[in-house]
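Here's the letter readout for the chains.
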Amino acid sequence: MPFVIFVAPILSENAFRMVEAAAGLPDVHLAVITHDGAERLLHLQGRVAHWRVENVLDVTQLTWAAEGLSRMFGPIHRLFGAYEQLQVPLAGARQRLGIEGMSVEAANNFRDKARMKTLLRGAGLPCARHRLAGSMDDAIAFAEASGFPVVVKPPAGAGALSTFRVDDMPALVSALRATPPTLEQPVLLEEFVQGEEHSFETISVDGRHVWHSLTRYYPTPLTVLQNPWIQWSLVLPREVDDAQYDDIRSAARRALTVLGMRTGITHLEWFRRSDGSIAISEVAARPPGAQITQLMSYAHDFDTVQAWARVMIFGEFEPPARKYAAGAAFLRGQGEGRIVAVHGVDEVNRELGSLIVAAKTPVIGATPSTSYEGDGWVIVRHPDTATVERAVLKLVSTIRVEVA
């Protein structure tokens, strides 16, 4: 029976789902390293071992915890986690302990977005021009050469966190003065790619890219963050193998090979410009967020999280058939204060009830989230992609989360 360790900073709802999926696989002995105490795992007592650390991002603490668990339960077969910021520390601990898995070099290729883009452009893959600026002058020089608008982000960001668009030189200078870039703490600048934004998810086993999925964002997450009134949505089309996606399928697979992906799931974000060309934004070596994992489960009638756990532990994956298109509408409170009402729910239930497969209702009395994912969501599915697209448009245009 293989002994495997799952690592998560906190045992959130998503982390619990992953722990339960791994623990539910036959012939697996599972342990968890986390900041949380053992009482968070009481419902899995006897099935999951536990070790608490102060900081799972510290390679030394991670190695110490893994060694302690190994003394109790034997050799470690796999050490893995889903949190993006964990991938480099996990790789470092695996290297120290001689555990199979993604290398430190590959983990840094995925985590350091400037390094990633340098590798991709060096391989002839389409992605935005960029510069890792270690000074104000360096940042200004890139903006002058690239032209505005430009995107400013941390080199090791996740999603749209701490990412923003600037439209002119005064705005750039103002933004950088708040936290001036240095050689020790540089800032990543990219040309602003205009077009439709998508994601592309891939499962790889031993360097073979054995399965893929993709989504379309409505609109881009950065646009949503800049416009608090927008309720974001995304659609996972049924026609994932259509010829219109031939270019990104080819580019994504080449990108994963260049970055060193061997076994696991990846989440790649990309753009299609108005002229039809594509540009890779960035790639993460982890399961996707924003309910995309759920969408993939509903589109194929299978458990994506459990499939990912099986890939990570056993290196096994059976590609499912795609039966549906699926979409998610994110419900976002508008205004200041607390959520006092959610309007339009009865109307969408009457019109779309047969399409709705899952939902999370915003909590009355809660403070609105600042995330583009908002305060709740609704997931719909149907065999026809156009039907799903109309449904998510109806959801975001009808449901209103009142804040007062």
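Structure: see above.
Quick caveat: nothing in here was measured; it's all calculated off a predicted structure.

Chemist: How would you summarise the overall build of the protein chain if you had to cite specific residues and measurements?
Modeler: Helices and strands together make up the secondary structure of the protein chain, namely 13 helices and 19 strands. Its C-alpha atoms give the protein chain a radius of gyration of 22 Å, near enough to 22 Å, the size a compact globule of 404 residues would have. For the protein chain, the spread of C-alpha atoms along the principal axes amounts to about 55 × 55 × 45 Å. Looking at the protein chain as a whole, 53% of its 404 residues qualify as buried. Contacts in the protein chain between residues far apart in sequence, at least 24 positions, make up 66% of those at least 6 positions apart.

Chemist: Requested: an account of the nonpolar core, with residues and values cited.
Modeler: Membership of the largest hydrophobic core comes to 51 residues, with the highest contact counts inside it found for Val19, Leu30 and Leu234. Setting aside its immediate chain neighbours within four residues, Leu234 contacts Thr215, Arg216, Tyr217, Tyr218, Ala290, Ile292, Leu295, Ala326, Gly327, Ala328, Phe330 and Val392. The next biggest cluster of nonpolar side chains, apart from the first, holds 26 residues, and it includes Phe110, Leu259, Trp270 and Ala285.

Chemist: Outline helix α6 (residues 136–146), listing residues and values.
Modeler: Taken residue by residue, α6 has Ala139, Ile140, Phe142, Ala143 and Ser146 as its buried positions. One face of α6 carries all of its buried residues, which in axial projection span an arc of 160°. Structural note: α6 exposes Asp137, Glu144 and Ala145 on the side pointing more than 90 degrees away from its buried face. Turning to α6, the residues buried within the fold contact β5 (130–133), β6 (150–153), α7 (169–178) and β8 (187–191). Positive phi appears at Gly147, one or two residues downstream of α6, with a value of about 90°.

Chemist: Give me the packing of helix α12 (residues 345–352) against helix α13 (residues 385–398): which residues, what numbers.
Modeler: Between α12 and α13, whose axes approach to 10 Å, the crossing angle comes to 165°. Between α12 and α13, the interaxial angle falls into the category roughly antiparallel. In terms of crossing hand, the pair formed by α12 and α13 is right-handed. In this structure, α12 contributes Glu347, Val348, Glu351 and Leu352 to the contact, and α13 contributes Ala391, Lys394, Leu395 and Thr398. Residue composition of the contact of α12 with α13, by class: 4 nonpolar, 1 polar and 3 charged.

Chemist: Give me the lowdown on the sheet that holds strand β7 (residues 164–166), citing residues and values where you can.
Modeler: Taken together, 4 strands build an open sheet; the order of strands is β5-β8-β6-β7 and the sheet is antiparallel. If you trace the sheet from one side to the other, it starts and ends with β5 and β7, each paired once. Direction aside, the axes of adjacent strands within the sheet are offset by 30° on average. Note: β6 against β7, 3 bridges, orientation antiparallel. Within β7, the residue paired with Val150 across the bridge is Val166.

Chemist: Tell me about the pattern of salt bridges, residues and numbers included.
Modeler: Applying the stated criterion across every chain yields a total of 19 salt bridges. With a closest N to O distance of 3.7 Å, Arg111 and Glu84 form a salt bridge. Taken together, the positions of Arg111 in helix α4 (residues 104–111) and Glu84 in the loop between β4 (76–80) and α3 (87–97) put the pair 27 residues apart, joining distant regions of the chain. By relative accessible area, which is 13% here, Arg111 ends up buried. On the basis of relative accessibility, which here comes to 6%, the residue Glu84 falls in the buried class. Close ionic contact of Arg216 with Glu196 constitutes a salt bridge, the shortest N to O distance being 3.7 Å.

Chemist: Please provide a residue-by-residue account of the side chain of Arg249, values included.
Modeler: Within the secondary structure layout, Arg249 lies in helix α9 (residues 246–259). The buried category is assigned to Arg249, whose relative accessible area is 8%. Residues in contact with Arg249, not counting those within four places in the same chain, are Phe200, His212, Val240, Asp241, Asp242 and Ala243.

Chemist: Go over the sheet that holds strand β16 (residues 339–343), please, and point to the residues and values.
Modeler: Taking strand neighbours across the sheet as the criterion, the 3 strands line up as β15-β19-β16 in an open arrangement whose pairing is mixed. Where the open sheet ends on each side, the last strands, each with one partner, are β15 (333–334) and β16. Alignment of β16 against strand β19 (residues 400–403), held across 4 bridges, turns out to be antiparallel. Following the sheet pairing, Ala341 is matched in β19 by Glu402.

Thresholds applied
Numbering of residues starts from 1 in each chain and follows the order in which that chain's sequence is written. Where totals are concerned, whole chains, interfaces and linings use all residues; where local detail is concerned, this predicted model gives features only for residues with pLDDT of at least 70, and gives and counts side-chain atom pairs only at 80 or more. Hydrogens and waters are ignored; side-chain quantities use all the structure's heavy atoms. Secondary structure counts use DSSP, requiring at least four H or I residues in a row for a helix and at least two E residues in a row for a strand, with both numbered from the N terminus. The atom set for the radius of gyration is the C-alpha atoms, and the globule formula is 2.2 Å times the number of residues raised to the power 0.38. Note on exposure labels: buried denotes an accessible area under 20% of the residue type's maximum, exposed denotes more than 50%, and partly exposed covers the range between, all computed with a 1.4 Å probe on protein chains only. Whether two residues are in contact is decided by their heavy atoms, any of which lying within 4.5 Å being enough. Here the nonpolar core consists of buried residues drawn from Ala, Val, Leu, Ile, Met, Phe, Trp, Tyr and Cys, with membership extended through side-chain atoms lying within 4.5 Å. By construction, the arc corresponds to the directions joining the helix axis to the C-beta atoms. To define axes, lines are fitted to C-alpha atoms, for helices over the stretch in contact only, and angles between the resulting N-to-C directions are given on a 0 to 180 degree scale. By the definition adopted for this analysis, an angle is roughly parallel if under 35 degrees, roughly antiparallel if over 145, roughly perpendicular if from 65 to 115, and oblique otherwise. Working rule for handedness: look at the near helix, and if it is turned counterclockwise from the far one by less than a right angle, call the crossing left-handed; if clockwise, right-handed. The classification used treats Ala, Val, Leu, Ile, Met, Phe, Trp, Tyr, Cys and Pro as nonpolar, Asp, Glu, Lys and Arg as charged, and all other residues, Gly among them, as polar. Only strands that DSSP links by at least two bridges are regarded as paired with each other. Salt bridge, as applied in this entry: a Lys or Arg side-chain nitrogen positioned within 4 Å of an Asp or Glu carboxyl oxygen.

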